[in-house]
Amino acid sequence: MDVLCLGIFVADVVAKPIEKMPDKGKLVLVDTLELHTGGCASNTGYALSKLGISTGLMGKVGTDGFGDFFVNYMNDAGLDIRGIKRTSTSNTSATMVMVSSDGERTFFHYLGANAELCYEDINFDIIKDAKILHIAGTFLMPAFDGEASAKVLKKAQEMGIKTSLDTAWDSKGNWMRIIEPCLQYLDIFMPSIEEARMITGKQEPKDIAEALLSYGIKIVSLKMGENGSYTRTHDWELHLPIYKVESVDATGAGDAYAAGFLAGVAKGWDYKDCAKFGNAVGACCVTAIGATAGIRSMKETLDFMAKFEN
């Protein structure tokens with residue numbers, strides 16, 4: 001296994017178009033109602049698999065119908081699902097996504113099984129089979145964030161495994177207090193620029209990266225939306241613009257970037273090429289609705305990049 005994605009799994013129920021909530025007790029018809037897999041670890045893992053990278057998932061879902069859907073979907077997609085635990089004490093994490101006719105989205109989210117994930121759920125016999133351990137969804141796993149995550153990252157590094165981490169938005173505002181124990185055990189850190197600003201208290205990409213690198217992280221790559229990406233090590237920095245495409249839906253673009261970057265690492269590429277490929281996978285992602293529909297194969301993504309270079 002090249003990459004093991006450990007973190008949050010979510011079932012997304014997407015309805016559209018919805019312009020307003022119906023009155024209590026009333027019914028409104030919608031044009032589409034769809035069920036999708038979501039969550040940072042799921043999105044990144046699925047994208048890696050589509051890129052041809054041997055990928056596993058580790059996390060927690062319920063024994064409910066959403067959990068069955070999630071496990072079956074990922075198994076059918078060819079991912080290693082040995083690390084997915086089932087719990088009967090919480091349902092699978094889920095989000096109701098209501099999309100208006102102009103594309104604006106409103107969310108109702110249930111933390112569910114993601115809130116239960118803890119150190120005791122981690123199977124190191126599976127982790128030792130991976131070249132890279134990627135934790136995705138930090139700040140949305142209250143029983144695993146902080147010291148428990150740090151213990152897992154430390155043990156993984158001691159086993160000779162590269163470690164990587166990607167964050168979500170911390171609605172409780174704990175930021176550095178939660179994540180600081182993890183930073184010294186990271187090889188790769190890929191937060192969004194907004195999350196990185198909240199973590200470090202810095203504003204400029206260079207200052208943010210320098211603050212994070214001081215913890216011993218080998219490489220920091222900041223996802224900056226329409227401003228591209230900024231990647232820095234102790235020796236060099238690289239600001240890459242976006243690939244200009246027609247954006248249909250930005251859902252999962254950050255997870256797609258992480259998948260592209262990690263695919264390059266798994267292939268042994270130079271970190272600069274990893275960042276460039278991450279930008280390309282993120283660009284492909286936004287050309288279709290949903291977090292994974294726009295992801296292409298490795299060859300198709302490289303061909304996409306070549307068109308911009310000719």
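*Asks:* Explain the pairing of strand S13 (residues 237-240) residue by residue, including any values.
*Replies:* Here S13 shows one buried face, formed by Leu-238 and Leu-240, and one open face, formed by Glu-237 and His-239. Relative to S13, strand S12 (residues 229-232) runs antiparallel, the two sharing 4 bridges. Residue Thr-231 lies in a different strand from S13, and its bridge partner there is Leu-238. Linking two consecutive strands that pair antiparallel, namely S12 and S13, is a turn of 4 residues.

*Asks:* With reference to specific residues and values, describe the packing of aromatic side chains.
*Replies:* Evaluated as defined, the whole model comprises 12 aromatic pairs. Both rings, one in Tyr-243 and one in Phe-308, keep their centres 5.1 Å apart while their planes meet at 75 degrees; by these two values the pair is edge-to-face. Remark: Phe-308 occurs in helix H10 (residues 298-309) and Tyr-243 occurs in the loop between S13 and helix H8 (253-267); sequence separation between them is 65 residues. For Tyr-243, a relative accessible area of 11% translates into the label buried. An aromatic cluster is present here, built from Tyr-46, Phe-69 and Tyr-73 joined pairwise through their rings. The ring of Tyr-119 carries the charged tip of Lys-151 above its face, separated from the ring centre by 4.0 Å.

*Asks:* How would you summarise the sheet that holds S13 if you had to cite specific residues and measurements?
*Replies:* The strands making up a sheet associate through backbone hydrogen bonding, with each pair oriented either parallel or antiparallel. Read from one edge of the open sheet, 9 strands run S5-S4-S1-S8-S9-S10-S11-S12-S13, paired in mixed fashion. Two strands in the sheet have a free side with no partner beyond their single neighbour: strand S5 (80-87) and S13. The pairing of strand S9 (residues 162-167) with strand S10 (residues 188-189) spans 2 bridges and is parallel. Bridge pairing in S10 links Ser-164 to Ile-188.

*Asks:* Could you give me a rundown of helix H6 (residues 193-200), with the residues and numbers involved?
*Replies:* Turning to H6, its buried residues are Ile-193, Glu-195, Ala-196, Ile-199 and Thr-200. Projection of H6 onto a plane perpendicular to its axis shows the buried side chains occupying an angular sector of 155 degrees, all on one side. Looking at the buried residues of H6, the elements they touch are S9, helix H5 (176-183), S10, helix H7 (205-213) and strand S11 (219-223). Immediately downstream of H6, the backbone of Gly-201 shows phi near 80 degrees, a positive value.

*Asks:* Can you tell me about the nonpolar core, naming the residues and giving the values?
*Replies:* The biggest cluster of nonpolar side chains holds 89 residues, and the ones touching the most others in it are Leu-6, Ile-127, Phe-144, Phe-189 and Phe-261. When residues in this core are grouped by element, the largest group, 9 residues, is from H8. With near-sequence residues (within four places) excluded, Phe-144 lies in contact with Leu-6, Leu-117, Cys-118, Tyr-119, Ile-122, Ile-135, Ser-149 and Val-152.

*Asks:* Quick one: what's the story with the pattern of salt bridges, residue by residue and with numbers?
*Replies:* This model, assessed by the stated rule, comprises 14 salt bridges. The salt bridge involving Lys-85 is made with Asp-121; its shortest N-O contact spans 3.6 Å. Here Lys-85, found in strand S5, pairs with Asp-121, found in the loop between strand S7 (105-110) and helix H3 (124-127); they are 36 residues apart in sequence, far enough to count as distant. Residue class for Asp-121 comes out buried when judged on its relative accessible area of 10%.

*Asks:* Pulling in residues and values, what's your account of a nonpolar patch on the surface?
*Replies:* Together, Met-21, Met-96 and Phe-108 give the surface a local cluster of nonpolar side chains, amounting to about 330 Å² of exposed area. Within the fold, Met-96 resides in strand S6 (residues 94-99).

*Asks:* Requested: an account of the side chain of Ser-90, with residues and values cited.
*Replies:* Within the secondary structure layout, Ser-90 lies in the loop between S5 and S6. At 2.7 Å, the side chain of Ser-90 and the side chain of Glu-116 are in polar contact. Excluding residues that lie within four positions of it along the chain, Ser-90 makes contacts with Gly-62, Tyr-110, Gly-112, Ala-113 and Glu-116.

*Asks:* Now, about unusual backbone geometry: what can you tell me, with residues and values included?
*Replies:* Here Lys-16 and Pro-17 are connected by a cis peptide whose omega angle stands at -10 degrees. Relative to the assigned elements, Pro-17 resides in the loop between strand S2 (10-16) and strand S3 (32-38). Look at Phe-139: it is not a glycine, yet its phi comes out positive at around 95 degrees. Take Phe-139: it is sitting in the loop between strand S8 (132-138) and helix H4 (147-158). Here Phe-139 falls in the buried class, since its relative accessible area comes to 10%.

About the thresholds
- Residues numbered from 1 in each chain as written.
- Predicted model: local features only at pLDDT ≥ 70, side-chain atom pairs only at ≥ 80, totals over all residues.
- Heavy atoms only, no water.
- Buried < 20%, exposed > 50% of the residue type's maximum accessible area, 1.4 Å probe, protein only.
- Helix = DSSP H or I, 4+ residues; strand = E, 2+ residues; numbered from the N terminus.
- Pairing = 2+ DSSP bridges.
- Phe/Tyr/Trp six-rings, centres within 6.5 Å; stacked < 30°, edge-to-face > 60°.
- Lys NZ or Arg CZ within 6 Å of the ring centre and 35° of its normal.
- Arc of directions from axis to C-beta.
- Contact = heavy atoms within 4.5 Å.
- Core = buried A, V, L, I, M, F, W, Y, C linked by side-chain atoms within 4.5 Å.
- Salt bridge = Lys/Arg side-chain N within 4 Å of Asp/Glu carboxyl O.
- Patch = residues over 30% accessible without salt bridge, like charges linked within 9 Å, V, L, I, M, F, W, Y side chains within 5 Å.
- Areas by Shrake-Rupley, 256 points an atom, 1.4 Å probe, with all protein chains shown as cover.
- Polar contact = N/O pair within 3.5 Å; in protein donor to acceptor, adjacent residues only side chain to side chain.

Don't take any of this as a statement about function, it's just geometry.
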